[in-house]
Amino acid sequence: GAGVSQSPRYKVAKRGQDVALRCDPISGHVSLFWYQQALGQGPEFLTYFQNEAQLDKSGLPSDRFFAERPEGSVSTLKIQRTQQEDSAVYLCASSRLAGTSTDTQYFGPGTRLTVL
Amino acid sequence: GESVGLHLPTLSVQEGDNSIINCAYSNSASDYFIWYKQESGKGPQFIIDIRSNMDKRQGQRVTVLLNKTVKHLSLQIAATQPGDSAVYFCAENIHNYGQNFVFGPGTRLSVLP
């Protein structure tokens, strides 16, 4: 079946531009996560949704980062006024259940953002 | 923990040998752990998990060992195959606290023919 998909796969932005990254989770999955992965490092948690509710945004690095999931399925991560330090792979993951961290997270391929 | 940056620790093993990948986790309150495999250009893929009430768990060709005393986790891969070449991450979580997983810096496994 279809897994988690993300678009675009690659995004190049000039410093100061706004970007929007899309995540299509596995159909029916309640939980959705965003992670940031810098080159050569492990993913770092950004935010978590349970359906349309953003229950944890403790990992968002600044108020330039904003995520939404208005209908409880597709999610968008928006970065305003991009900076060079925002360059990373942005990973989305979904899991079937709500509120259970032991439920398997399925990751998408990521969007590689390069800020020039 | 130490930031590895571009220079991931690398483990090179001969095809058919066993591999052992180690991870030191950071939070003594963590009670749930996962090993992930990440191939180039792909997202992490779940391999095996373990809860803190266990010290060993086995899957197909993989075994995870947990030593809570020294906050150490290891992943053993039996009869390593070329398809096992990837970066491996451990991740820790306090499962009644939230969905936030903390990932380790990763180890690159290279399988030699």
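Before reading further, recall that the structure is shown in the block above.
Everything quoted here is computed from the prediction, not taken from an experiment. (Residues numbered from 1 in each chain as written. Chains lettered and ligands numbered in written order. Predicted model: local features only at pLDDT ≥ 70, side-chain atom pairs only at ≥ 80, totals over all residues. Heavy atoms only, no water.)

Undergrad: Which residues make up the interface of chain A and chain B, and what values do they have?
TA: When the parts of a complex come together, some accessible area is lost, and that lost area is often taken as the interface size. Listed by partner, the interface residues are 23 residues for chain A and 23 residues for chain B. Summing the contributions of chain A and of chain B, the shared interface buries around 1,800 Å²; its carbon and sulfur component is 55%. When the buried surface of chain A facing chain B is broken down by residue, Ser101, Thr102 and Phe107 of chain A rank first, second and third, together holding 30% of it. Where chain A packs against chain B, one counts four residue pairs in polar contact (both at pLDDT 80 or more). In terms of residue count, strand S4 (residues 31-37) of chain A provides more of the side of chain A that touches chain B than any other element does, three residues in total. (Contact = heavy atoms within 4.5 Å. Buried area = accessible area lost by both parts, 1.4 Å probe. Polar contact = N/O pair within 3.5 Å; in protein donor to acceptor, adjacent residues only side chain to side chain. Helix = DSSP H or I, 4+ residues; strand = E, 2+ residues; numbered from the N terminus.)

Undergrad: Any chance you could break down the nonpolar core for me, citing the residues and the numbers?
TA: The tendency in soluble globular proteins is for nonpolar side chains to be buried side by side. Trp34, Leu77, Tyr90 and Leu113 of chain A are the most contacted members of the largest nonpolar core, which totals 20 residues. Counting only elements with at least two residues in this core, the list comes to strand S3 (19-24), S4, strand S5 (44-50), strand S7 (65-68), strand S8 (75-79), strand S9 (88-95) and strand S11 (111-115) of chain A. Ignoring sequence-local partners within four residues, the contact set of Tyr90 of chain A consists of Gln6, Leu21, Trp34, Tyr35, Gln36, Leu46, Phe65, Leu77, Ile79, Gly110, Thr111 and Leu113 of chain A. Core analysis: the next-biggest nonpolar cluster, separate from the first, contains 19 residues, Val13, Ile50, Leu66 and Leu109 of chain B among them. (Core = buried A, V, L, I, M, F, W, Y, C linked by side-chain atoms within 4.5 Å. Buried < 20%, exposed > 50% of the residue type's maximum accessible area, 1.4 Å probe, protein only.)

Undergrad: Tell me about the state of the cysteines, and please be specific about residues and values.
TA: Here is the idea: a disulfide is a covalent bond, and it sits between the sulfur atoms of two cysteines. Using the criterion set out here, one finds two disulfides over all chains in the structure. Each sulfur in the disulfide pair Cys23 of chain A and Cys92 of chain A lies 1.9 Å from the other. With the S-S dihedral at roughly -65°, the linkage between Cys23 of chain A and Cys92 of chain A falls on the left-handed side. With Cys23 of chain A in strand S3 and Cys92 of chain A in strand S9, the pair connects residues that are 69 residues apart, well separated along the chain. Of the two residues, Cys23 of chain A and Cys92 of chain A, both sit in the buried class. Through a disulfide, Cys23 of chain B is tied to Cys90 of chain B; the S-S separation comes to 1.6 Å. In this pair, Cys23 of chain B sits in strand S2 (residues 19-24) while Cys90 of chain B sits in strand S8 (residues 86-93), placing the two residues 67 residues apart along the sequence. Taking the relative accessible area as the measure of exposure, Cys23 of chain B reaches 7% and is therefore buried. (Disulfide = S-S within 2.5 Å.)

Undergrad: For the pairing of S11 of chain A, give the residues involved together with the corresponding values.
TA: Residues and elements named next belong to chain A. Burial along S11 is one-sided: Thr111, Leu113 and Val115 are buried, and none of Arg112 and Thr114, which face the opposite way, are. As paired strands, strand S2 (residues 10-13) and S11 are joined by four bridges and run parallel to one another. Directly across from Val12, in S11, lies its bridge partner Thr114. Of the strand pairs in this sheet, S9 and S11 are connected by three bridges, and their pairing is antiparallel. Residue pairing across strands places Ala88 opposite Leu113, the latter belonging to S11. (Pairing = 2+ DSSP bridges.)

Undergrad: Tell me about the sheet that holds strand S5 (residues 56-58) of chain B, and name the residues and values.
TA: All names here are of chain B. Spatial ordering of the open sheet is given by S2-S7-S6-S5, a layout of four strands whose pairing is antiparallel. Each edge of the open sheet carries a strand with a single partner, namely S2 and S5. Going across the sheet, the axis of each strand differs from the next one's by a mean of 15°, ignoring polarity. Bridge analysis of S5 against strand S6 (residues 62-67) gives three bridges, and the strand direction is antiparallel. Its bridge partner lying in S6, Arg57 is registered against Val64. (Axes fitted to C-alpha atoms, helices over the stretch in contact; angles between N-to-C directions.)

Undergrad: Can you tell me about unusual backbone geometry, naming the residues and giving the values?
TA: Geometrically, the link from Ser7 of chain A to Pro8 of chain A is a cis peptide bond, its omega value of -10° lying close to zero. Positioned with a positive phi, Arg61 of chain B is a non-glycine residue whose angle comes to about 65°. Mapped onto the secondary structure, Arg61 of chain B falls in the loop between S5 and S6. Residue classification places Arg61 of chain B among the partly exposed residues on the basis of a relative accessible area of 31%. Despite not being glycine, Ala79 of chain B shows a phi value in the positive range, around 50°. Residue Ala79 of chain B is classed as partly exposed on the basis of its relative accessible area, which comes to 36%.

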